[in-house]
Protein chains: 2
Amino acid sequence: MGHGLILTINWRQLNVYGGFAVKQDSLKSILAGKGLRLTRARQDIITAAQAMKGHFDPQNLYDSLKEKGSKASRASVYRSIPVLLEAGIISEAERTDRCTHYEKVTENRHHDHLTCLRCGTTIEFYSPTLEMLQDEICQRENFKGIRHNLDILGYCRECVDK
Amino acid sequence: MGHGLILTINWRQLNVYGGFAVKQDSLKSILAGKGLRLTRARQDIITAAQAMKGHFDPQNLYDSLKEKGSKASRASVYRSIPVLLEAGIISEAERTDRCTHYEKVTENRHHDHLTCLRCGTTIEFYSPTLEMLQDEICQRENFKGIRHNLDILGYCRECVDK
DNA sequence: TCATTAGTTGAGACAATATCTCATTAAAGG
DNA sequence: CCTTTAATGAGATATTGTCTCAACTAATGA
Ligand SMILES: [Zn+2]
Ligand SMILES: [Zn+2]
Ligand SMILES: [Zn+2]
Ligand SMILES: [Zn+2]
């Protein structure tokens, strides 16, 4: 009688972790398919990106890279970001902060953000309804939506009363 | 017999332009309430911001300011942006481009964006359902939402087939 | 293994963007 | 006016992202 439950859990895990942690071999072929090479620097950058906790910006990534003793340059980090995006290893997170785009490992599935204007905490959420609604809007506007960024700014429970 | 119509139109204008073109006097008191002064530079910047067409970034604003012969400095422009935001004279638009925040006069009511990844065109839309849904999400998460940024990236009608 | 080819790299120069410093100016209020 | 103090302008400085180019190296085939 527990089987149904187990199946459900598996299905969920598939959803939650689908596309995570591309294996080296498949990664290599993905890159090769685009005429790209899996170099040392690129490998370091990918590893570091996958090891990042939560959101990060290019500089964060570079710092973490240096910490690990990698020789990868800052330029390479910037150059790699489009590649990592393309390969589905990272994805864009919110762009709330100053002017950097934050990126995020694709560990968990797509989600949007609530960002506290006071403490900076970000709450992640996922609303299928909201996603569907956006599809409808795109259809109505004759627009082929690829991805989106939704960031709701305001005050979290702790900060709401100053 | 035309009176009802006129009233309706007025009401609509109130909605559409509500909060637009803050009068100098009330503006002054809004600022005063925060211990801020309505200086020449600030005034120039506000006027210029309200005169901007569509989206713009700080540099655009500064350029337009120079065109009009204002002596306001770039620093003042940057310094004013939080103030203008606070006073509801401008609001954030999308942050798609490089790393500048785009701002937008509050001429028309809140809307969200579809941005074409190829030609850069932005289509503005407003979906009450989507707005309500976000309110619900905030409630569910015990979050006091103030404003939000939704940008759907993809391809417009003209660019969808390369 | 060696040579060829072409994608990639690192370092630093550059460019663009945003913030800061500080002496000076000028609102606001009496 | 005069005082108080926010605000300013100009430029220095910091941050962020891009570009150049000679050197390097992964991939491929001989
Ligand atoms: Zn979403
Ligand atoms: Zn997130
Ligand atoms: Zn909206
Ligand atoms: Zn807009």
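The preceding data block contains the structure.
Residues numbered from 1 in each chain as written. Chains lettered and ligands numbered in written order. Predicted model: local features only at pLDDT ≥ 70, side-chain atom pairs only at ≥ 80, totals over all residues. Heavy atoms only, no water.

## Side note on the nonpolar core
When a protein is soluble and globular, its nonpolar side chains tend to lie buried together.
Stage number 1. Membership of the largest hydrophobic core comes to 24 residues, with the highest contact counts inside it found for I152 of chain A together with I152 of chain B.
Stage number 2. Secondary-structure elements contributing two or more residues to this core are strand 4 (112–116), helix 6 (128–140) and strand 6 (144–155) of chain A together with strand 3 (112–116), helix 6 (128–140) and strand 5 (144–155) of chain B.
Stage number 3. Those residues within four positions of I152 of chain B in sequence are excluded, and the remaining contacts are Q134, C138, F143, G145, R147 and H148 of chain A together with H113, L114, T115 and F125 of chain B. (Core = buried A, V, L, I, M, F, W, Y, C linked by side-chain atoms within 4.5 Å. Buried < 20%, exposed > 50% of the residue type's maximum accessible area, 1.4 Å probe, protein only. Helix = DSSP H or I, 4+ residues; strand = E, 2+ residues; numbered from the N terminus. Contact = heavy atoms within 4.5 Å.)

## Quick word on the pattern of salt bridges
Residue and element names in this part refer to chain A.
Stage number 1. Applying the stated rule across the entire model yields two salt bridges over all chains.
Stage number 2. A salt bridge links D44 to R40; the shortest N-O distance between them is 3.2 Å. On the criterion of helical spacing, the pair formed by D44 and R40 is a turn pair, its members being four residues apart in helix 3 (residues 40–51).
Stage number 3. For D44, a relative accessible area of 15% puts it in the buried group. (Salt bridge = Lys/Arg side-chain N within 4 Å of Asp/Glu carboxyl O.)

## Some thoughts on the interface of chain B and chain A
Stage number 1. Facing the 36 residues of chain B at the interface are 37 residues of chain A.
Stage number 2. Contact between chain B and chain A buries roughly 3300 Å² in total, counting both sides, with carbon and sulfur atoms accounting for 67%.
Stage number 3. Between chain B and chain A we count eight residue pairs in polar contact (both at pLDDT 80 or more) in total.
Stage number 4. In terms of residues, the side of chain B that touches chain A owes the most to one element, strand 5 of chain B, which gives 12 residues.
Stage number 5. Here the residues of the side of chain B that touches chain A are counted per class, giving 18 nonpolar, 11 polar and seven charged.
Stage number 6. Looking at chain direction, strand 6 of chain A and strand 5 of chain B are connected through 11 bridges and run antiparallel. Within the sheet, the bridge partner assigned to I152 of chain A lies in strand 5 of chain B and is H148 of chain B. (Buried area = accessible area lost by both parts, 1.4 Å probe. Polar contact = N/O pair within 3.5 Å; in protein donor to acceptor, adjacent residues only side chain to side chain. Nonpolar A, V, L, I, M, F, W, Y, C, P; charged D, E, K, R; others polar. Pairing = 2+ DSSP bridges.)

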